[in-house]
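# Descriptive analysis of the structure
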Amino acid sequence: MVVLNVSEDIEAKIRRLRELGKASAEPEVPKTAAPPVKKPPKKPRPVGSIRERERRKRILTGAAIVIIVILIISVGAYFYIQNRAAEQLANEKNQKLKEVYTYFQGDIVNQSKNCTQKPIEIRRDLINAIKSAQSVDELSAVDVKGAYDQALNEYNECLQRIERLKYERVLNQTKAEKIRDIETEFQGLLAMPLPDDIKANVIDSMKSLEAQVESAETVEQVNSIDPSPYLLELWRDYYYYKIDMIPGQEVILERESVKRIVSKADAKAILGGILDYRELMQYQVYKVEYVDIALVLSRDRINGAFLSPGDKIMVFAKNDTSAQFKEIANEGYVQLVLLPTDAGIISVNEAQSQSSSSSTSSSTQYSEDHSTTYTPGDTTISDGQTTSDTYTNSQSASQSASASYSYSVDLTEILKAIAAGKIQASDEVKEQLRAYGWEVVDLEKESGMLVLDPNSQFLVVVRVPSIFVPDILSNQQYLYIAKIAT
């Protein structure tokens, strides 16, 4: 630039003037005194030389004045240029700093300290580089945008590392929870008395699921691992094994306090149709063990007492008028039915009568009629007279005869007498009594007449699986026995 060249020339001249001033200020080196030389007598100077000297003196003075003015102008121009350059540099610095603060704001500054110090260090280095710049060219070399991009990359990489670490922590936590859930769900099955082959399958399935969890790379993959299908098949295998180990051809299935006797094939079919192992776990399988239990019920609750030993029955209960019937036992057998006490009292009344009668009668009747008719003009007048006599003679005789008897027998007392050995031909009497009870009920059915009161109490001995006994006894006063139709 021209301004810079001029300033350099002025600076060079100033330096030369300073050197001249220093040279004039240096003292002269003393010289050794020389022997006085006799000066020749001065000659008078001519006027022209004096004028020449004055003229040169004025020239030198004017030149000095011009030089001084030039120096002053040069120094002023120098300082002006220097101030202007400094002002321009300061403005450029302010613009650069403003650019720095424009870029480096928000999360990249406020949140980066929680992640990485690199963006803050880059901003600090930028500010120091801008403030220490000595020229516009040096200041222009400071790349704020490039530095910001570098800081942003560092910040984003740090955020990604944090997010990756956070995701890894969540993933590891999810894996640990999934493994705990798997072990918890398998623990219920492992607690059962499993045979060795089923137990080995259970352990292998659990380890396989845990290996899938460990190899999963995302939370979604971990959550998609479902042990339910494995547990469903393993629980089925356990139930099938348990059913096969129960002797006999029938088992008891219980779910939510509802118990049923089913064949082994039906039990496997029921359990095989369940698609959720949690629902499958609600079932219990028991061995069928029959016991005899005596119940005293009114005849209207035991199929009208039309039951015989060996009949297959079901037992229900209804503990409230508005409540629904619930099944207590789906299978049982009648062992014995005893008639009530009032069925053992026999009262008979018999009566006979005979009568005869005879009668005779005769009668005689006599009658006479007289009548007269007059017709005066258009009017008819009649006059009549009737006379009758009746004679009757009757005779009757009657005869009658009647006879009646009654007797009453208490069969209970007869049983007591037989037991005490006080009745002759007791074997014959026992044989007659053995058929008496069923004869009464059979005659009711044949005659279509209800002989015994529906509220009569019967003693029924039934054979049911032992698992039903607690429910039967706790609902004894609400029980109903139904005969299974074959």
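Residues numbered from 1 in each chain as written. Predicted model: local features only at pLDDT ≥ 70, side-chain atom pairs only at ≥ 80, totals over all residues. Heavy atoms only, no water.

### Re the overall build of the protein
We apply this condition: Under the scheme used here, helices are H or I runs from DSSP no shorter than 4 residues and strands are E runs no shorter than 2 residues, and both carry numbers assigned from the N terminus. Think of it in three bands: with a 1.4 Å probe and only protein chains considered, a residue is buried below 20% of the maximum accessible area for its type, exposed above 50%, and partly exposed in between. All accessibility values rest on the Shrake-Rupley procedure with a 1.4 Å probe; residue burial counts only the protein chains present in the view.
Looking only at helices and strands, one finds 14 helices and 10 strands in the protein. Residue burial in the protein is summarised as follows: out of 486 residues, 26% are buried. Carbon and sulfur atoms make up 51% of the accessible area of the protein, which totals about 33,700 Å².

### Side note on the pairing of strand 1 (residues 250-255)
Each regular strand carries side chains that alternate between the two faces of the sheet. Filter applied, for reference: By the convention used here, strands pair only if DSSP detects at least 2 bridges between them.
By the bridge criterion, 6 bridges tie strand 1 to strand 2 (residues 258-263) in an arrangement that is antiparallel. Bridge pairing in strand 2 links Arg255 to Val258. Here strand 1 hands over to strand 2 after 2 residues, with Glu256 in that stretch at a positive phi of 50°. Summarising the sheet, strand 1 and strand 3 (residues 283-287) pair through 5 bridges and their orientation is antiparallel. Across the sheet, Leu253 pairs through a bridge with Val285, a residue of strand 3.

### With respect to the nonpolar core
A general tendency of soluble globular proteins is for nonpolar side chains to be buried together. Under the convention used in this document: We call a set of buried residues a nonpolar core when its members are Ala, Val, Leu, Ile, Met, Phe, Trp, Tyr or Cys and they connect through side-chain atoms within 4.5 Å of each other. Residues are treated as being in contact if the distance between any of their heavy atoms lies within 4.5 Å.
Within the largest apolar cluster, 33 residues are counted, with the highest numbers of intra-cluster contacts made by Phe186, Trp235 and Tyr239. Taken together, the elements giving at least two residues each to this core come down to helix 6 (144-190), helix 7 (196-215), helix 8 (219-224), helix 9 (228-245), strand 1, helix 10 (264-272), helix 11 (277-280) and strand 3. Looking at this core element by element, the count peaks at 7 residues for helix 9. Non-local contacts of Trp235, meaning those with residues more than four positions away in its chain, are made with Gly188, Leu189, Met192, Tyr277, Leu280 and Met281. Counting 27 residues, the second largest nonpolar core, distinct from the first, contains Ala305, Val337, Val460 and Ile472.

### Description of the pattern of salt bridges
The test is simple: The salt bridge criterion pairs a side-chain nitrogen of Lys or Arg with a carboxyl oxygen of Asp or Glu, the two atoms within 4 Å.
Scanning the model with the defined rule gives 13 salt bridges in all. Across the pair Asp471 and Lys259 runs a salt bridge whose closest N-O atoms are separated by 2.9 Å. One end of the pair, Asp471, is in helix 14 (residues 469-474); the other, Lys259, is in strand 2, and 212 residues separate them in sequence. Looking at Asp471, the relative accessible area reads 22%, which means it is partly exposed. Assessed through its relative accessible area of 8%, Lys259 is described here as buried. One salt-bridge network, held together by shared partners, links Glu185, Asp276 and Arg278.

### Considering helix 10
The condition is simple: What the arc covers is the set of directions going from the helix axis to the C-beta atoms.
Among all positions in helix 10, only Lys264, Ala267 and Leu271 are buried. For helix 10, the buried positions fall inside an angular range of 60° around the axis, keeping them on one side. The exposed set on the far side of helix 10, more than 90 degrees from its buried face, consists of Ala265 and Ala269. Against the buried residues of helix 10 lie helix 9, strand 1, strand 2, helix 11 and strand 3.

### What to know about a nonpolar patch on the surface
Applicable threshold: Within this analysis, patches are made of residues with over 30% relative accessible area and no salt bridge. Like charges are joined at 9 Å or less; nonpolar side chains (Val, Leu, Ile, Met, Phe, Trp, Tyr) at 5 Å or less.
On the surface, Ile65, Val69 and Ile73 cluster together to form a nonpolar patch covering roughly 270 Å² of accessible area. For Ile65, the location among the structural elements is in helix 2 (residues 47-103).

### Examining the sheet that holds strand 6 (residues 326-338)
As a reminder of what qualifies: Every axis corresponds to a line fitted to the C-alpha atoms, with the helix fit spanning only the stretch in contact, and the corresponding angles, defined between N-to-C directions, vary from 0 to 180 degrees.
Sheet architecture is open: 5 strands sit in the order 4-9-6-5-10, paired in antiparallel fashion. Each end of this open sheet is capped by a strand with a single partner; those strands are strand 4 (290-298) and strand 10 (479-483). Sheet twist, expressed as the average angle between the axes of neighbouring strands with direction ignored, equals 40°. Examined bridge by bridge, strand 6 and strand 9 (residues 457-465) share 5 bridges and lie antiparallel to one another. Note that in strand 9 the partner of Val334 across the bridge is Val462.

### Notes on the packing of helix 6 against helix 9
How we decide: Relative orientations are named as follows: roughly parallel for angles under 35 degrees, roughly antiparallel for angles over 145 degrees, roughly perpendicular for angles from 65 to 115 degrees, and oblique for any other angle.
At a closest axis distance of 11 Å, the pairing of helix 6 and helix 9 adopts a crossing angle of 5°. In terms of axis orientation, helix 6 runs roughly parallel to helix 9. Of the residues in helix 9, those touching helix 6 at Glu185, Phe186, Gly188 and Leu189 are Tyr230, Leu231, Leu234, Trp235 and Tyr238.

### Structural notes on the packing of aromatic side chains
To keep it simple, the criterion reads: Classification of ring pairs uses Phe, Tyr and Trp, with its six-membered ring standing for Trp, and accepts pairs whose centres are within 6.5 Å; under 30 degrees between planes counts as stacked, over 60 as edge-to-face, and the remaining range as tilted.
Tallied over the full model, the rule gives 5 aromatic pairs. When the ring of Trp235 is compared with that of Tyr238, the centres are 6.0 Å apart and the planes differ by 80°; the resulting orientation is edge-to-face. A residue pair is termed a helical-turn pair when its members lie 3 or 4 positions apart in one helix, as Trp235 and Tyr238 do in helix 9 at 3 residues. Take Trp235 and Tyr238: they sit in the same class, and that class is buried.

### As for helix 7
To be explicit about the condition: A helix is expected to reach a length of 1.5 Å times the quantity of its residues less one.
Taking 1.5 Å per residue, 20 residues should reach 28 Å; helix 7 reaches 29 Å between its end C-alpha atoms and fits that length. Looking at the buried residues of helix 7, the elements they touch are helix 6, helix 8 and helix 9.

### Observations regarding the packing of helix 7 against helix 9
Inclusion rule: Three residue categories are used. Nonpolar comprises Ala, Val, Leu, Ile, Met, Phe, Trp, Tyr, Cys and Pro, charged comprises Asp, Glu, Lys and Arg, and polar comprises the others, including Gly.
For the pair helix 7 and helix 9, the least separation of the axes is 11 Å and the interaxial angle reads 175°. Put simply, helix 7 runs roughly antiparallel to helix 9. Touching Ile198, Asn201, Val202, Ser205, Leu209 and Gln212 of helix 7 are Tyr230, Leu234, Asp237, Tyr238 and Tyr241, all from helix 9. Split by residue class, the contact of helix 7 with helix 9 holds 7 nonpolar, 3 polar and 1 charged.

### A word on the sheet that holds strand 3
If you walk across this open sheet you meet the 3 strands as 2-1-3, and the pairing is antiparallel. Edge positions in the sheet fall to strand 2 and strand 3, since each of these pairs with one other strand and no more. Ignoring which end each strand starts from, the neighbouring axes of this sheet average 30° apart.

### Here we look at the confidence of the model for the protein
We count it as follows: The predictor reports its confidence for every residue as pLDDT, a score running from 0 up to 100.
With 67% of its residues at a pLDDT of 70 or more, the protein shows a mean pLDDT of 77. Low pLDDT, under 50, characterises residues 23-33; the stretch is placed with 0 contacts to residues that sit more than four places away or in other chains.

### Digging into the side chain of Thr174
Here Thr174 is to be found in helix 6. Among residues more than four places away in sequence, those in contact with Thr174 are Val219, Val222 and Asn223.

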